[in-house]
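Overview (structure and organization)
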Amino acid sequence: MLVNRIPTGTVQVTAARRLCVPVQKARDEIPPDVLDVVRWIDLEKAEGSALAARI
């Protein structure tokens, strides 16, 4: 998996900018197992900035 290869870091999250909810568009077929998960998810887009790394 990529998780072990992504370097850690610290960010400061500030104001929320937008709320995104999953929707079905253009008659796309969403597999039932995917729909069972995403139907409960709301994604919030927020402003943020990376803090300086200490080396």
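So, here is what we can say about the structure in this document. All values reported here derive from a predicted model rather than from experimental measurement.

Reading the values: the criteria
Residues numbered from 1 in each chain as written. Predicted model: local features only at pLDDT ≥ 70, side-chain atom pairs only at ≥ 80, totals over all residues. Heavy atoms only, no water. Helix = DSSP H or I, 4+ residues; strand = E, 2+ residues; numbered from the N terminus. Rg over C-alpha atoms; globule rule 2.2 N^0.38 Å. Buried < 20%, exposed > 50% of the residue type's maximum accessible area, 1.4 Å probe, protein only. Contact = heavy atoms within 4.5 Å. Areas by Shrake-Rupley, 256 points an atom, 1.4 Å probe, with all protein chains shown as cover. Lys, Arg positive; Asp, Glu negative; His and termini not counted. Charge placed at Lys NZ, Arg CZ, Asp CG, Glu CD. Patch = residues over 30% accessible without salt bridge, like charges linked within 9 Å, V, L, I, M, F, W, Y side chains within 5 Å. Salt bridge = Lys/Arg side-chain N within 4 Å of Asp/Glu carboxyl O.

Notes on the overall build of the protein
Secondary structure assignment for the protein yields 1 helix and 2 strands. In the protein, the succession of α and β elements from N to C terminus is β-α-β. By the compact-globule yardstick of 10 Å for 55 residues, the protein is too spread out, its C-alpha radius of gyration being 17 Å. On the principal axes, the C-alpha backbone points of the protein span a range of 50 × 30 × 20 Å. Residues classed as buried in the protein amount to 0% of the 55 residues present. Considering only contacts in the protein between residues 6 or more positions apart, those separated by 24 or more positions represent 79%. Total accessible area on the protein is roughly 5800 Å²; 55% of this is exposed by carbon and sulfur atoms. Averaging the coordinates of the 8 positive side-chain charges in the protein and doing the same for the 7 negative ones gives two points 9 Å apart.

Quick notes on a nonpolar patch on the surface
On the surface, a nonpolar cluster with roughly 280 Å² of combined accessible area is contributed by L19, V21 and V23. Its place among the elements puts V23 in the loop between β1 (11–20) and α1 (32–38).

Side note on unusual backbone geometry
You will see that A26, though not glycine, has its phi angle at about 50 degrees, which is positive. Turning to its location among the elements, A26 is positioned in the loop between β1 and α1. Within the chain, R27 stands out as a residue other than glycine whose phi angle is a positive 60 degrees. Looking at the element boundaries, R27 is found in the loop between β1 and α1. Residue classification places R27 among the exposed positions, given a relative accessible area of 81%.

Some thoughts on the environment of R18
Inspection of the secondary structure assignment puts R18 in strand β1. Overall, the relative accessible area of 52% leaves R18 in the exposed class.

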